[in-house]
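This is what each chain is made of:
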Amino acid sequence: MQIVPVPFDHPDARKLNDLVLQEYTQRYGDPEGDATPLAPAMFRPPRGLYLLAYDDERQPVATGGWRAMDATRAAGDGHEGDADGGEENYADGDAELKRMYVVPEARGRGLARRILALLEEDARAAGRTRMVLETGIHQPEAIALYTSSGYGPAREKFGHYRFEEESRCFEKSLGDTPS
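Residues numbered from 1 in each chain as written. Predicted model: local features only at pLDDT ≥ 70, side-chain atom pairs only at ≥ 80, totals over all residues. Heavy atoms only, no water.

Novice: Outline the overall build of the chain, listing residues and values.
Specialist: The secondary structure content of the chain amounts to 3 helices and 7 strands. Put simply, of all contacts in the chain between residues at least 6 apart along the chain, 68% involve residues at least 24 apart. Of the roughly 9000 Å² of accessible surface on the chain, a fraction of 50% belongs to carbon and sulfur atoms. (Helix = DSSP H or I, 4+ residues; strand = E, 2+ residues; numbered from the N terminus. Contact = heavy atoms within 4.5 Å. Areas by Shrake-Rupley, 256 points an atom, 1.4 Å probe, with all protein chains shown as cover.)

Structure below.
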């Protein structure tokens, strides 16, 4: 497997993004899958990173990214049209995980855990202090990955789905280097 950074709007990233949205639709019954506003600029270093994993046949099989989120955001940072971070309960120094996904035929190989570790390392190097994520009750595999990787329930729900009953928010300090 090869894991490489790509733009959020790379054709292979769009392909896997479509697949994850289809999976969200199946699991939650929402035809949009996930209505969180996302833009390619949000994942550009140093305020984000988007990764794709390719198998030995150069097929995209896994993805994940992080984007910088703060209590307030400046105009022009790729968040146009979105509420400011304070209204969505983000804190200064947050890095938010987005679009963690592994295609069904590649699951069980530790790809999500490898991508997660790389994203945490990159966000820490970019000066982010807390990794946050929102998932849902119909994604028990994701919840198991995050809790086994040191994430705990967030003190306060955040993000686009913070008022949804099925939403679960998690956080992990990036202040300490991994042991």
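What follows continues from the structure just given.
Novice: Give a description of the packing of helix H2 (residues 111-125) against helix H3 (residues 140-148) that names residues and reports values.
Specialist: One can describe the packing of H2 onto H3 by two numbers: an axis separation of 11 Å at closest approach and a directional angle of 50°. For the element pair H2 / H3, the angle class is oblique. Between H2 and H3 lies a crossing whose hand is right-handed. For the pair H2 and H3, the contacting residues are Ala112, Arg113 and Leu116 in the first and Leu145, Tyr146 and Ser148 in the second. Considered class by class, the residues forming the contact of H2 with H3 number 4 nonpolar, 1 polar and 1 charged. (Axes fitted to C-alpha atoms, helices over the stretch in contact; angles between N-to-C directions. Parallel < 35°, antiparallel > 145°, perpendicular 65-115°, else oblique. Left-handed = near helix turned anticlockwise from the far one by under 90°. Nonpolar A, V, L, I, M, F, W, Y, C, P; charged D, E, K, R; others polar.)

Novice: Lay out the layout of surface pockets with the relevant residues and their values.
Specialist: Reported here for the largest pocket is a volume of approximately 910 Å³. Lining of the largest pocket is provided by 37 residues; of these, Tyr24, Met100, Thr135, Gln139 and Ala142 occupy positions nearest its centre. Those elements that place two or more of their residues in the lining of the largest pocket are helix H1 (11-28), strand E4 (94-102), H2, strand E5 (130-136) and H3. Taken together, the residues that form the lining of the largest pocket break down as 16 nonpolar, 7 polar and 14 charged. (1 Å grid on protein atoms, 1.4 Å probe; cavity = no way out; pocket = protein on both sides within 12 Å on 5 of 7 lines; lining within 4 Å. Points joined across faces, edges and corners; volume = space filled by probe spheres on them.)

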